[in-house]
Amino acid sequence: MSGPGLIRAGVLAAARACLQALFPPRCGACGAFFHPRPHARPAAAQGDLRAILAPLLCGACLRRVVPLEPPLCPRCGVSFRGRSGPDRLCGDCRREPPPFAAARAAFAYEGPLRELVHAFKYRGRLRVGRVLGRCLEETWRRYPEAAGVELVCPVPLHPRRLRERGFHPVEQLLRRWPGPPVRRGVLIRIRPGPSQTGLDRAARRARVAGAFRVAQAEAVRGRRVLLVDDVLTTGATAAACTEALLAAGADGVAVLAAARAL
Ligand SMILES: [Zn+2]
Ligand SMILES: [Zn+2]
């Protein structure tokens, strides 16, 4: 950085520190005022998923966030929490393997992380979306099965839902995406998603089957696709999107999400 650049960066950092001392941010989960840890940035640079969230959460909430770490099911990405040993297939994937080759998510969808996702998706806190987007990138970097993907398809919203919400959460997460090109409009939603809360896996799969279609088959034919969603719950939506992509000739589909229900 040049001399004037360094001075400008120093002035900005000092101004930010003053502002934070005067107006400390509120925790995105519990609402408490807190002072972000000053060393959060270097830790984030080393790829610590929890540290990336440090500007958004107080210390107590940050400690309750659960990054999904090995051992994992290599197929659906579920984490065998608190256990040791190598990665292994989970019971669900052994009984009924999903159509996608693999799925990974950054965090367990619970506690403070769930609050952050709600603030972003339902209350339009776009700054939270930017930070979750960085978590998505970091998870992708640690995801060997996604190494050969050639394009990224966000799980689409139905146009009516997009009008109601005013923004597309998954596309927001991908705004600064540094990986393979993001292709919007390749995969489209032809039926709006009814509320799926409280439904089990089989019922969700039945509801979303046939809800998606590939509008530009030439974009996916013979290619490996990374399908990105904000939250994986039962995997039913990801499975329906994958089936549409495979039917259009995609060579394989890997799934990436910011959070996953366990
Ligand atoms: Zn908190
Ligand atoms: Zn599994």
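Residues numbered from 1 in each chain as written. Chains lettered and ligands numbered in written order. Predicted model: local features only at pLDDT ≥ 70, side-chain atom pairs only at ≥ 80, totals over all residues.

Assigned secondary structure in the chain consists of 12 helices and six strands. Against the 2.2 N^0.38 benchmark of 18 Å for 262 residues, the chain shows a C-alpha radius of gyration of 19 Å, consistent with a compact globule. Its C-alpha atoms give the chain principal-axis dimensions of roughly 55 × 40 × 35 Å. Looking at the chain as a whole, 36% of its 262 residues qualify as buried. Here the analysis covers contacts within the chain between residues at least 6 apart in sequence; of these, 73% occur between residues at least 24 apart. (Helix = DSSP H or I, 4+ residues; strand = E, 2+ residues; numbered from the N terminus. Rg over C-alpha atoms; globule rule 2.2 N^0.38 Å. Buried ≥ 20, exposed ≤ 12 C-beta atoms within 10 Å, placed from the backbone. Contact = placed C-beta atoms within 7 Å.)

Next up on the list: the nonpolar core. In terms of nonpolar packing, the biggest core is built from 69 residues, with Leu227, Leu245, Ala258 and Ala259 touching the most fellow members. Counting only domains with at least three residues in this core, you end up with domain 1 (17-62) and domain 2 (66-260). Not counting the four nearest positions on each side in its chain, leucine 245 is found in contact with Cys153, Leu187, Val214, Val220, Val225, Ala250 and Val253. (Core = buried A, V, L, I, M, F, W, Y, C linked by C-beta atoms within 7 Å. Domains from an automatic or database assignment.)

As for its position among the elements, valine 220 is in helix H11 (residues 217-220). Overall, valine 220 belongs to the buried group, with 25 C-beta atoms counted inside 10 Å. Sequence spacing of valine 220 and glycine 31 is 189 residues, and the spatial spacing of their C-alpha atoms is 43 Å. If sequence neighbours within four positions are ignored, valine 220 has contacts with Val186, Val214, Val225, Leu245, Ala248, Gly249 and Ala250.

Moving on to the domain arrangement of the chain. Under the domain assignment used here, the chain contains domain 1 (17-62) and domain 2 (66-260). For domain 1 versus domain 2, the distance between C-alpha centres works out to 26 Å. On the domain 2 side, the residues contacting the 11 residues of domain 1 number 11 residues. No other element matches helix H3 (residues 49-52), which puts three residues into the side of domain 1 that touches domain 2. Of the residues assigned to the side of domain 1 that touches domain 2, the class counts are eight nonpolar, two polar and one charged. (Nonpolar A, V, L, I, M, F, W, Y, C, P; charged D, E, K, R; others polar.)

Sheet architecture is open: four strands sit in the order S1-S6-S5-S2, paired in parallel fashion. Each having just a single partner strand, strand S1 (102-108) and strand S2 (151-154) make up the two edges of the open sheet. Within the sheet, the average angular offset between the axes of one strand and its neighbour, ignoring direction, is 20°. With eight bridges joining them, strand S5 (residues 224-232) and strand S6 (residues 252-260) adopt parallel strand pairing. What sits directly across from valine 225, in S6, is valine 253. (Pairing = 2+ DSSP bridges. Axes fitted to C-alpha atoms, helices over the stretch in contact; angles between N-to-C directions.)

Bringing the pairing of S5 into the picture now. Most of S5 is tucked away, with eight of its nine residues classed as buried. Following the backbone out of S5, through helix H12 (residues 236-247) and into the adjacent parallel S6, one traces a crossover that is right-handed. (Right-handed = clockwise from strand over helix to strand, strands pointing away.)

As a further point, take helix H6 (residues 111-123). Taking 1.5 Å of rise per residue, 13 residues should cover 18 Å, and H6 covers 17 Å from first to last C-alpha, within 8% of that figure. On its buried face, H6 sits against helix H4 (59-64), S1, helix H7 (126-141), helix H9 (169-173), S5 and S6. Glycine 124 sits one or two residues past H6 and shows a positive phi near 65°. (Expected span 1.5 Å × (residues − 1).)

Another aspect to go through is the environment of alanine 32. Mapped onto the fold, alanine 32 is located in the loop between helix H1 (3-22) and helix H2 (40-45). Classification of alanine 32 by C-beta neighbours within 10 Å gives partly exposed; the count is 14. Sequence-wise, alanine 32 and arginine 183 are 151 residues apart; in three dimensions their C-alpha atoms are separated by 39 Å. With sequence-adjacent residues up to four places away left out, alanine 32 is seen in contact with Arg26, Cys27 and Cys58.

For the rest of this paragraph, the subject is H12. With 12 residues, H12 ought to run about 16 Å at 1.5 Å a step, and its terminal C-alpha atoms sit 16 Å apart, in line with that. Where burial is concerned, most of H12 is hidden: nine out of the 12 residues are buried. Within H12, burial applies to Ala236, Thr237, Ala238, Ala239, Ala240, Cys241, Thr242, Ala244 and Leu245. One or two residues past the end of H12 sits glycine 249, with phi positive at roughly 105°.

Attention now goes to the packing of H6 against H7. Axis separation between H6 and H7 bottoms out at 8 Å; the angle between their running directions is 125°. What the angle tells us is that H6 and H7 run oblique. Where H6 crosses over H7, the two elements pack in a sense that is left-handed. Taken together, the residues of H7 that come into contact with H6 (itself represented by Leu116, Ala119 and Phe120) are Val128, Gly129 and Leu132. Grouping the constituent residues of the contact of H6 with H7 by class yields five nonpolar, one polar and no charged. (Parallel < 35°, antiparallel > 145°, perpendicular 65-115°, else oblique. Left-handed = near helix turned anticlockwise from the far one by under 90°.)

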